[in-house]
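Chains, contacts and geometry: an overview
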Amino acid sequence: MAAPPDMELPTALSLELLPTDPLLLILSFLDYRDLVSCCYLNRRLNQLSSHDPLWKRHCKKYWLISDEEKSRRKQGWRAMFISTYRDLGRYIHYYATLKKAWDDLEQYLGQWCPRMIGSLKESVREEDLDAVEAQIHCKLPDDYRCSFRIHNGQKLVVPGLMGSMALSNHYRSEDLLDIDTAAGGFQQRLGLKQCLPLTFCIHTGLSQYMALESVEGRNKYEIFYQCPDQMARNPSAIVMFITGTSYLEWFTSYVNKVVTGGYPIIRDQIFRYVHDKDCVATTEDITVSVSTSFLPELSSVHPPHYFFTYRIRIEMSKDALPENACQLESRYWRITNAKGDVEEVQGPGVVGEFPVISPGKVYEYTSCTTFSTTSGYMEGYYTFHCLYNKDRFFNVTIPRFHMVCPTFKVSTA
């Protein structure tokens, strides 16, 4: 039905007529890419998209730029986003995650391992990473490159940033390699073709490698410890103990374990013992807890020989009575492998010692075991005698603790 001749038709709603505040609110929900696209639609959206507070969220989300840094740089939010994007734009999906990991790690090290801070190296330039790619004739993954734009690994020192492990006659401490040292260790030999070392231990020569291509049965960007197949006739037969599926996952999961206290700090070093919070047992006033670790450098798949170390903490409650002080007399172990085979071990003391435990005191020691299967568990008890009543003996439960070899791949050679 036609409108009456004297009725005015409504004027078409124009973008120019819309109020500014609701438009800015709508734009505040856009991602940075859509915000940039709005600049090219018309003059009004171009002006609104340049509104500086709109870019604050993106600076914080993608580049972790704080208000304090903004004050130091004396730039607007939009200008800072653009200048940072020009330098680091290819890493926009990785930078915030890796920068936070590095910041958290530095803060933690500053409190618990201050001397390790001095071993960290400054960032590298984009052209330095390009030069390494040209040198090894292989592309580096962007998450790996991004990490080196924040810190260029560390100096070859002890302790290593990527964790330590110590037994009576064995010591390992892994450094995170700088980009030039890593490039110098790039492998093209059979068994490790197109693999780049990420870490290195000065004492054992052990490295964790990243596969830069999917060759010899490896997945691209997989991270692993190498393990020679001792039963193969071909010396290039290498088995992999896999430690990560990408650099981002490998590095951030390690840092998270460190900064949340998942790894103990011993003598100003990060020790890679994993503690199961359920692996604790209390008998009377004494609590026993266990942490474990797998040692790839002392293990092999062929022949099957899986080496584990465990660290045991024995603590008497500080509220215990002084007359409850006691001394460890002997130990009993029941060791079970994945096939159900059981071995029982009984002997005096622990690691040649007979520690005395009194209220509030802690005794810790490290020992090791091997399995012919990829997993197994141990449990048992300690026998103590009271110092003030030497005729009284009692057993203290050692909780069952499991040891599991990491995922591995058998060589295709």
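Residues numbered from 1 in each chain as written. Predicted model: local features only at pLDDT ≥ 70, side-chain atom pairs only at ≥ 80, totals over all residues. Heavy atoms only, no water.

**Here we look at the pairing of strand 18 (residues 393-404)**
Sheet analysis places strand 17 (residues 375-386) next to strand 18, joined by ten bridges and oriented antiparallel. Pairing of Tyr 382 across the sheet is with Val 396, part of strand 18. Between the end of strand 17 and the start of strand 18, which pair antiparallel, lie six residues. (Pairing = 2+ DSSP bridges. Helix = DSSP H or I, 4+ residues; strand = E, 2+ residues; numbered from the N terminus.)

**Some details on unusual backbone geometry**
Residue Pro 159 is bonded to the preceding Val 158 through a cis peptide linkage, with omega at 10°. Among the structural elements, Pro 159 can be located in the loop between helix 10 (142-148) and strand 1 (164-167). In this structure, the amide linkage connecting His 302 to the following residue, Pro 303, adopts the cis form with an omega of 0°. One non-glycine residue, His 137, adopts positive backbone phi at about 60°.

**A word on the domain arrangement of the chain**
Taken domain by domain, the chain consists of domain 1 (20-90), domain 2 (96-258) and domain 3 (274-405). Put simply, the middle of domain 1 and the middle of domain 3, counted by C-alpha atoms, are 57 Å apart. (Domains from an automatic or database assignment.)

**A short note on the sheet that holds strand 3 (residues 195-197)**
Neighbouring strands of a sheet are bound in pairs by backbone hydrogen bonds; such pairs are parallel or else antiparallel. The antiparallel open sheet is built from five strands, whose spatial order is 3-5-6-7-19. For this open sheet the edge positions go to strand 3 and strand 19 (408-409), each flanked by a neighbour on one side alone. Of the pairings in the sheet, the one linking strand 6 (residues 223-228) to strand 7 (residues 238-244) comprises six bridges and is antiparallel in character. Each residue of the ladder has a partner; that of Cys 227, found in strand 7, is Val 239.

**Quick notes on the state of the cysteines**
Inspection of every chain in the model, using the stated rule, returns zero disulfides. In this structure Cys 59 is a free cysteine whose sulfur lies 14 Å from that of Cys 39, the closest cysteine sulfur available. Relative accessible area serves as the criterion here: at 0%, Cys 59 is assigned to the buried category. Note on Cys 138: no disulfide assigned, nearest cysteine sulfur contributed by Cys 195 at a separation of 9.5 Å. You can call Cys 138 buried: its relative accessible area is 6%. (Disulfide = S-S within 2.5 Å. Buried < 20%, exposed > 50% of the residue type's maximum accessible area, 1.4 Å probe, protein only.)

**Details of the pattern of salt bridges**
Within this structure, the stated rule accounts for 28 salt bridges. Asp 268 is paired through a salt bridge with Arg 115; the nearest N and O atoms lie 2.8 Å apart. Of this pair, Asp 268 sits in the loop between strand 8 (265-266) and strand 9 (269-270) while Arg 115 sits in helix 8 (residues 114-117), and the two are 153 residues apart along the sequence. The class of Arg 115 is partly exposed, set by a relative accessible area of 49%. (Salt bridge = Lys/Arg side-chain N within 4 Å of Asp/Glu carboxyl O.)

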